[in-house]
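Residue-level listing of the chains:
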Amino acid sequence: IPVSPFALVVFGATGDLAKRKLLPAMFQRDLAGQLPEEATVIGAARAHLREDEFLALAREAIEEHVPASERDAQAMERFLARLRYVAVNATGEEGWQELAQALAPTKERIWVFYLATAPSLFGPICEHLGRFGLAGGNARVVVEKPVGRDLASAKAVNEVIGRVFPEERIYRIDHYLGKETVQNLMALRFANGLFEPLWNAAHIDHVQITAAESLGVEGRAGYYDTAGALRDMVQNHLLQLLCLVAMEPPAQLDADAVRDEKLKVLRALKPIADALSSQNVVRGQYRAGASAGGAVPGYLEELGAAESMTETFVALKAEVETWRWAGVPFYLRTGKRLAERVSEIVIAFRPVPHSVFEPSAGPIKPNQLVIRLQPDEGVQLRLMIKDPGPGGMRLRQVPLDMSFSTAFGVRNPDAYERLVLDVVRGNQTLFMRRDEVEAAWRWIDPILEAWSHAEEPPKPYTAGTWGPSAAIALIERDGRTWADGG
Ligand code: BG6
């Protein structure tokens, strides 16, 4: 879908997100021929860089994050020619006039202000945009998560942004929603007649959602220690995935129809009782261990502190109290420095009601539909078959496997490539609405509140494993097991 001419202003342009994701994403779209000739990217940050210094930074970022086989010198020059830089002080007066001047020649275009900054700057930046006349009808604002650190602060942030931009021009990014396989979940559910009749408590035993990372907190320990896995991953990414699995079919795929259905799921989440007991929620923190690349330090060493109550792992059991899902647990799990990087959703169906086979045929494993988000994106349906050969009836579970890279052989675009252009197109479907973010916090807050009274630190786990044993006990207590790993 073509996009209209636009100017994208990236606040925090010298930061990690801009270098790792935003600049490479825009480069990729340019390479794909999707950027109109009149598309400009203005970097804005506090640093006093000359334009050629910013261009060098952008070139380096793209070289680092886009494989050499996917770029060529001409494309690089074309993209760099679109870039500008303005030094702006988000909390002061410096640079705003210059930014307004840089935008003046583009006033017929769509303006996208991407706030890739600390959340504490969202308010001051929006306020300046308003004051300098940059927040008019053609302007949209994109904010990165986390929106707040609890319900009260999320409301305050939303309030501040809302004073300058109306809701239909605010884009709250959850980059998981831009992942190809996550969107595919909607196609799978709503473009196939096969699943919907089975998509309920009568046929589904439980759901597992895992977002496991093998990396540690890398250079982000400062931010991470104030957040923790519950705020960093569960409040947004994991709950959004849960919503897409659990929501009722929307009447159409327009932004509000989809977001209304997700909101209903968030509101139907049963409050987690007893968050300190490890019955329903387990928090962990990694200790030194080993990953594929060798020995790795523990969280406290990376943080450079003797102690921290911040969790780098969470497993929890959520329940959606609706007719469709009554009694179906949703087990959610995420963590840093786990055994491997894998994100997937497992829909575990109920066992067959009766076995017609001799015990010698072996156990009948219930069917599973696995949606693999990364790596090796794809969909797998785990079925029972007869083990081939003359050895009589022996049952075996095998995957009916559809790997996207094998099936389509195309590069999977990064979530940001899709999402930034959706902002230009004015499509909010894959962005979180204010009430959704707040409903998610409303469910998360009591867990945070309970933890704030915890005397015991998070349960330790060795880096390179599947988290604390309490996370395994959490699901096994219900007579179930994690489908993969752990
Ligand atoms: C971010 C979190 O939102 O998502 C990071 O802040 C995390 O801590 C990242 O590493 C994971 O994203 P992805 O796309 O690599 O699964």
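Residues numbered from 1 in each chain as written. Predicted model: local features only at pLDDT ≥ 70, side-chain atom pairs only at ≥ 80, totals over all residues. Heavy atoms only, no water.

Moving on, we come to the overall build of the chain. Broken down by element type, the chain carries 15 helices and 18 strands. A compact globule built from 486 residues should have a C-alpha radius of gyration of about 23 Å, and the chain, at 24 Å, falls within 12% of that. For the chain, the spread of C-alpha atoms along the principal axes amounts to about 80 × 50 × 45 Å. Restricting the contact set of the chain to residue pairs at least 6 apart, pairs at least 24 apart contribute 77%. Taken as a whole, the chain presents about 20700 Å² of accessible surface, with 54% of it coming from carbon and sulfur. On the chain, the mean spot of the 54 positive side-chain charges and the mean spot of the 63 negative ones are 2 Å from each other. (Helix = DSSP H or I, 4+ residues; strand = E, 2+ residues; numbered from the N terminus. Rg over C-alpha atoms; globule rule 2.2 N^0.38 Å. Contact = heavy atoms within 4.5 Å. Areas by Shrake-Rupley, 256 points an atom, 1.4 Å probe, with all protein chains shown as cover. Lys, Arg positive; Asp, Glu negative; His and termini not counted. Charge placed at Lys NZ, Arg CZ, Asp CG, Glu CD.)

Attention now goes to the pairing of strand β1 (residues 6–11). Residues in a regular strand point their side chains to alternate faces of the sheet. Within β1, six of the six residues are buried, which leaves it mostly tucked inside the rest of the structure. The alternating pattern of β1 places Phe6, Leu8 and Val10 on one face and Ala7, Val9 and Phe11 on the opposite face, and all of these are buried. Summarising the sheet, β1 and strand β4 (residues 110–115) pair through six bridges and their orientation is parallel. The residue of β4 that forms the bridge with Val9 is Phe113. Looking at chain direction, β1 and strand β2 (residues 39–45) are connected through six bridges and run parallel. Across the sheet, the residue bridging to Phe6 is Ala39, located in β2. At this point the chain moves from β1, through helix α1 (residues 16–31), to the parallel β2, and the crossover so formed is right-handed. (Buried < 20%, exposed > 50% of the residue type's maximum accessible area, 1.4 Å probe, protein only. Pairing = 2+ DSSP bridges. Right-handed = clockwise from strand over helix to strand, strands pointing away.)

Of all residues in the chain, 100% have pLDDT values of 70 or greater, and the mean over the chain is 95. On the interface metric, ipTM, the complex scores 0.98, and its pTM is 0.95. (pLDDT = per-residue confidence, 0-100.)

Along its 14 residues, helix α10 (residues 255–268) runs 20 Å from first to last C-alpha, staying within 8% of the 20 Å computed at 1.5 Å per residue. Of all 14 residues in α10, ten are buried; the element is thus mostly enclosed. Within α10, the full set of buried residues consists of Ala255, Ala257, Val258, Arg259, Glu261, Lys262, Leu263, Val265, Leu266 and Ala268. Where α10 begins, the capping side chain belongs to Asp254, and its oxygen is found 3.1 Å from the backbone nitrogen of Asp256. (Expected span 1.5 Å × (residues − 1). Polar contact = N/O pair within 3.5 Å; in protein donor to acceptor, adjacent residues only side chain to side chain.)

So, about the packing of helix α2 (residues 51–65) against helix α3 (residues 73–80). At their nearest, the axes of α2 and α3 sit 11 Å apart, and the two run at 140° to each other. By the angle between their axes, α2 is oblique relative to α3. The hand of the α2/α3 crossing is right-handed. Contact residues: α2 offers Leu55, Ala58, Arg59, Ile62 and Glu63, while α3 offers Met76, Glu77, Phe79 and Leu80. Split by residue class, the contact of α2 with α3 holds six nonpolar, no polar and three charged. (Axes fitted to C-alpha atoms, helices over the stretch in contact; angles between N-to-C directions. Parallel < 35°, antiparallel > 145°, perpendicular 65-115°, else oblique. Left-handed = near helix turned anticlockwise from the far one by under 90°. Nonpolar A, V, L, I, M, F, W, Y, C, P; charged D, E, K, R; others polar.)

Once that is clear, we can look at the side chain of Glu417. Note on placement: Glu417 falls in helix α13 (residues 415–425). Look at Glu417 and you get buried, because its relative accessible area is 3%. A polar contact of 3.0 Å, which involves the side chain of Glu417, links it to the side chain of Arg29. Leave out the neighbours within four places in its chain, and Glu417 touches Ala25, Gln28, Arg29 and Arg411.

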